[in-house]
Amino acid sequence: MELDTLQSAWQNNELAPKENSEISAMMRERTHPVLKGIRRQMIIEGIAFTFLLFAYYDLFDGDQKPIYVNVLLVAAMLFALVHTIMGYKLAKGGVTGSTIKQALNNQLSKLKGYALISVISRVGVAGCLLFFFTSIISFTTQKYWLLAAMILIFVVQIMLLSGIWLKRIRQIKNAMESFS
Amino acid sequence: MEEVPFLQLIDQHQGIIHKICRLYRDSSEDREDLFQDIVYQLWKSAPAFEGRSKFSTWMYRVALSVAITAFRKKRPAIRYTATLPEKHEAAEDPEEQREQLFKALKQLDDGDKALIALYLEGLNYQEMAEITGLTESNVGVKLNRIKKKIQQLLK
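Let me begin by describing the structure that accompanies this report. The structure presented is a predicted model; accordingly, all values stated were derived computationally and were not measured.

Here's the deal with the packing of aromatic side chains
According to the stated counting rule, one finds nine aromatic pairs over all chains in the structure shown. On the numbers, 5.5 Å between centres and 25° between planes, the contact of tryptophan 10 of chain A with phenylalanine 102 of chain B is stacked. Note that tryptophan 10 of chain A is positioned in helix H1 (residues 3-11) and phenylalanine 102 of chain B in helix H4 (residues 94-105), a pairing that runs across two chains. When the centroid spacing of 4.9 Å and the interplanar angle of 50° are considered together, the rings of phenylalanine 6 of chain B and tryptophan 43 of chain B count as tilted. Placement of the pair is phenylalanine 6 of chain B in helix H1 (residues 3-24) and tryptophan 43 of chain B in helix H2 (residues 28-45), with a sequence separation of 37 residues. According to the relative accessible area criterion, tryptophan 43 of chain B is partly exposed, its value standing at 22%. Ring pairs connect the aromatic residues Phe49, Phe55 and Trp58 of chain B, which therefore count as one cluster. One residue, lysine 18 of chain A, lies across the ring of phenylalanine 35 of chain B, its end atom 4.9 Å from the ring centre. The side chain of lysine 65 of chain A reaches across the aromatic face of phenylalanine 132 of chain A, ending 4.7 Å from its centre.

Description of the interface of chain A and chain B
With 48 residues of chain A in contact, the opposing surface of chain B contributes 60 residues. Between chain A and chain B, a total of about 4,800 Å² is buried, with carbon and sulfur atoms accounting for 61% of that surface. On inspection of chain A and its partner chain B, the count reaches two salt bridges. A salt bridge links glutamate 32 of chain B to lysine 18 of chain A, with the nearest nitrogen and oxygen atoms 2.9 Å apart. The interface formed by chain A and chain B contains 20 residue pairs in polar contact (both at pLDDT 80 or more). At the level of secondary structure, the elements contributing two or more residues to the side of chain A that touches chain B comprise H1, helix H2 (20-26), helix H3 (33-59), helix H4 (67-93), helix H5 (100-134) and helix H6 (141-177) of chain A. In terms of residue count, H1 of chain A provides more of the side of chain A that touches chain B than any other element does, seven residues in total. When the residues that make up the side of chain A that touches chain B are grouped by side-chain class, the tally is 22 nonpolar, 18 polar and eight charged.

Calculation rules
Residues numbered from 1 in each chain as written. Chains lettered and ligands numbered in written order. Predicted model: local features only at pLDDT ≥ 70, side-chain atom pairs only at ≥ 80, totals over all residues. Heavy atoms only, no water. Phe/Tyr/Trp six-rings, centres within 6.5 Å; stacked < 30°, edge-to-face > 60°. Helix = DSSP H or I, 4+ residues; strand = E, 2+ residues; numbered from the N terminus. Buried < 20%, exposed > 50% of the residue type's maximum accessible area, 1.4 Å probe, protein only. Lys NZ or Arg CZ within 6 Å of the ring centre and 35° of its normal. Contact = heavy atoms within 4.5 Å. Buried area = accessible area lost by both parts, 1.4 Å probe. Salt bridge = Lys/Arg side-chain N within 4 Å of Asp/Glu carboxyl O. Polar contact = N/O pair within 3.5 Å; in protein donor to acceptor, adjacent residues only side chain to side chain. Nonpolar A, V, L, I, M, F, W, Y, C, P; charged D, E, K, R; others polar.

Rendered as structure tokens:
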């Protein structure tokens, strides 16, 4: 196919046009597909954490644990909430920059920062939860094995999460090579 | 920018968004999500549009940046072969030609897709340099390489 033919094939790509009302709805934050998903996650987390905060004292013997252990549990929940809120801000922030090259650069540094926060907050949540639930346990061999299994699960989760972020960062870096 | 003139401009140029979505996403659901993301980000960036360049030039810059950086849902990967299936004769039907063109374009990496999209749209080197942040001579060098690759794929 000749390049002229390709150009005309590209330029005459007719698809069902969208109505103004449909486009107008797309301009709203509440209908944005990614933001909608994060908001749903925030609501679910909010409800779960509120319930946990009201119940942990009786349900998980919070009254028998030292105060700093209780503080750590609250810190774990806050880590998770702050992480979700920052994710929302990142998705909402959009792309900035006067050229694609600049936009990719800006997005890459934002993504790197958020990826770091994401992994640190997950480590924080895992550490605080483990500390809370093991703080007044008298360990037996069986319980040590159980703890080791839990730590392994958290480590695998954190590795998978890091892998997802590295993939996204690599994707942008690869695209940036075309603009260097 | 007010909402009404913005909507009119988007209406005039929405073909650009459709083409970018088709170029960067495989499923119709993903294209729809990207379309919405682009419209949302264009509206958010609209106050920064000072009218020094054409609306379509500005739109290409924002839309391509969003398409490259936007979050992609995990889907089964579609694998494209290094060459397109052999055909007995060149496609005559415009839709078939478009289908072949997009199949070839999808094999490029994200950055090259952006450059070739601007070329196919008929933008000159100066406009392409303004959008991408490359120098004009660099645009020329890179485009030649991409065009050769496309022609190889379409052989």
